[in-house]
Amino acid sequence: MKILGIETSCDECAASVVEDGKNILSNIVATQIDNHKLYNGVVPEIASRLHVEWIKSVVKEATDDSGIDLGSIDGIAVTNRPGLVGSLLVGLSFAKGLALSLNKPYVGVDHIMAHLYAPYLENNIEYPYLGVLVSGGHTIISHVTEFNNMEVLGTTIDDACGEAFDKVAKFYELGYPGGIAIDRLSVEGDSEAFNFPNPSLHKGDHKYDVSYSGLKTAVINQLDQFRNGESEKTKANIAASFQRVAVNILMQRVKRALKDTGLTRVVAGGGVVANSLLRKELLSLKNIEAIIPSMSLCTDNAAMVAGIGYHYLEQGVISDYSLNASSRVPAFRKKYP
Ligand code: KG4
Ligand code: ZN
């Protein structure tokens, strides 16, 4: 089965054709980074309007690149949640129109589950595993038992991990997107130079939760010192020290969840998994099989959407034309549909 995937949940306008949930025939990502750079963050209305302008050519490029014509695809998968609603609606409505005109089935998929599916495009992975989703909008540690079934163990109680990277970079004017800028700058810095706070370990119900707002505020408060004539070296030291603590906050919870659940496999996904330190830490977990996607499959793409969509469509799960977009993930700590 050849599935066309469409992804417009945030600022990447993406389309991809994937065969049997595995074989990537094409993977087009048109990024809006340059369009949002000026604002140091994604402006929702600009994002939706650009998706409206770009979606047709992005889908055409994906089908052209795949070597198959649009009429030969077997189905369409599209992200319908979570994300920016205006952006999601563009991809969702386009997918519905296409499905209707081609008389093919379509299915709406969850962006979080799609991120965790990304490593499947490159590896053979068995369930269950500990899912670690770290992106600009979400930080979720979960127990995943099937491609469409996960139980949330922990999540952020305030900012998402990527959001903290982006905000710190914005305040220090390090570049946009912030995560990549901090990662690059950290190489030149001393990660022990600053002792930023790691929130005290949560207990009980919040055992696996993370918090990034305290760290973010502490790092931003350091800015005054930097503005008072500190060197470029200080900037790099701040970036490296922030990155060390940000990764440590997550890794502490990941290690605890692995120990408590007895799971021996961890699968990670989302933009922040492109971070060099996080990748290193995940891959050096002792006696744990860690599977992380290659860089281009960490950040938003439609191959992961087509990949997971295949499994739904293959099982006969088809979305209704009344399906809507949603900004939210389903209720906390419930089984993920
Ligand atoms: O998954 P993604 O492309 O979009 C969302 O679903 O949010 O993730 C984007 C996030 C941004 O916060 C970006 O700064 C972060 O991923 N990111 C990184 C790196 N590359 C991207 N964070 C840390 N280090 C990186 N190398
Ligand atoms: Zn994402």
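Let me sum up the structure you'll find in this document.

Quick notes on the rules
- Residues numbered from 1 in each chain as written.
- Chains lettered and ligands numbered in written order.
- Predicted model: local features only at pLDDT ≥ 70, side-chain atom pairs only at ≥ 80, totals over all residues.
- Heavy atoms only, no water.
- Pairing = 2+ DSSP bridges.
- Helix = DSSP H or I, 4+ residues; strand = E, 2+ residues; numbered from the N terminus.
- Axes fitted to C-alpha atoms, helices over the stretch in contact; angles between N-to-C directions.
- Contact = heavy atoms within 4.5 Å.
- Donors = N, O, S within 2.8 Å, 3.2 Å for Na, K, Ca; no water.
- Buried < 20%, exposed > 50% of the residue type's maximum accessible area, 1.4 Å probe, protein only.
- 1 Å grid on protein atoms, 1.4 Å probe; cavity = no way out; pocket = protein on both sides within 12 Å on 5 of 7 lines; lining within 4 Å.
- Points joined across faces, edges and corners; volume = space filled by probe spheres on them.
- Nonpolar A, V, L, I, M, F, W, Y, C, P; charged D, E, K, R; others polar.
- Domains from an automatic or database assignment.
- Parallel < 35°, antiparallel > 145°, perpendicular 65-115°, else oblique.
- Left-handed = near helix turned anticlockwise from the far one by under 90°.
- Near = heavy atom within 4 Å.
- Polar contact = N/O pair within 3.5 Å; in protein donor to acceptor, adjacent residues only side chain to side chain.
- Areas by Shrake-Rupley, 256 points an atom, 1.4 Å probe, with all protein chains shown as cover.
- Sits in = over half its atoms within 2 Å of the grid points.

**Structural notes on the sheet that holds strand β4 (residues 75–81)**
If you walk across this open sheet you meet the five strands as β3-β2-β1-β4-β5, and the pairing is mixed. On the outer flanks of this sheet lie β3 (23–31) and β5 (106–110), each paired with one strand and no other. Within this sheet the neighbouring strands show an average axis-to-axis angle of 20°, counted without direction. When β4 meets β5, the two strands line up parallel, connected through five bridges. For isoleucine 76, the partnering residue across the bridge sits in β5 and is tyrosine 106. Here helix α2 (residues 44–66) sits on the sheet and contacts β1 (2–7), β2 (12–19) and β3; the angle it forms with β2, its principal contact strand, is near 25°.

**Details of the coordination of the zinc ion (ligand 2)**
Bound to the zinc ion (ligand 2) are the protein donor atoms His111 (NE2), His115 (NE2) and Asp300 (OD), situated 2.0 to 2.1 Å from the metal. Ordering the donors of the zinc ion (ligand 2) by residue number gives the pattern H-x3-H-x184-D. Placement of both histidine 111 and histidine 115 in helix α4 (residues 111–117) is noted, with a separation of four residues, approximately one turn of the helix. Given the relative accessible area of 0%, histidine 115 is considered buried.

**Details of the layout of surface pockets**
For the largest pocket, the calculated volume is near 1,200 Å³. Residue assignment for the lining of the largest pocket shows that the elements contributing at least two residues are β3, α4, α5 (161–171), α6 (178–186) and α11 (295–298). Per-element accounting of the lining of the largest pocket gives the leading share, six residues, to α5. Here the residues of the lining of the largest pocket are counted per class, giving 14 nonpolar, 18 polar and eight charged. Three or more residues apiece are contributed to the lining of the largest pocket by two domains, here domain 1 (2–116 + 298–336) and domain 2 (126–292).

**Concerning the packing of α6 against helix α9 (residues 232–261)**
The geometry of α6 relative to α9 is characterised by a closest axis approach of 8 Å and an angle of 110° between their N-to-C directions. Of the possible angle classes, the one that applies to α6 and α9 is roughly perpendicular. By crossing handedness, the relation of α6 to α9 is classed as left-handed. Along the contact surface, α6 presents Ile182, Asp183, Leu185 and Ser186, while α9 presents Lys235, Ala236, Ala239, Ala240, Phe242 and Gln243. Looking at side-chain class alone, the contact of α6 with α9 contains six nonpolar, two polar and two charged residues.

**Considering the site of ligand 1**
Lining the immediate environment of ligand 1, one finds 18 residues, of which Gly136, Asp166, Gly179, Asp183 and Gly271 sit closest. Between an oxygen atom of ligand 1 and a main-chain N or O atom of glycine 136, the distance comes to 2.8 Å. In the complex, the protein chains occlude 89% of the 550 Å² of accessible area that ligand 1 would expose alone. Judged by its atoms lying within 2 Å of the grid points, ligand 1 is housed in the largest pocket. Of all elements in the fold, only α4, α5 and α6 reach the threshold of two or more residues within the shell around ligand 1.

**Section: empty space enclosed by the protein**
Applying the stated criterion across every chain yields a total of one cavity of 30 Å³ or more. Roughly 30 Å³ of volume is contained in the largest cavity. Sorting the residues of the lining of the largest cavity by element identifies α4 and β7 (139–146) as the ones contributing at least two each. Broken down by element, the lining of the largest cavity gets its largest block of residues, three residues, from α4. Residue contributions to the lining of the largest cavity reach at least three from each of two domains, namely domain 1 (2–116 + 298–336) and domain 2 (126–292).

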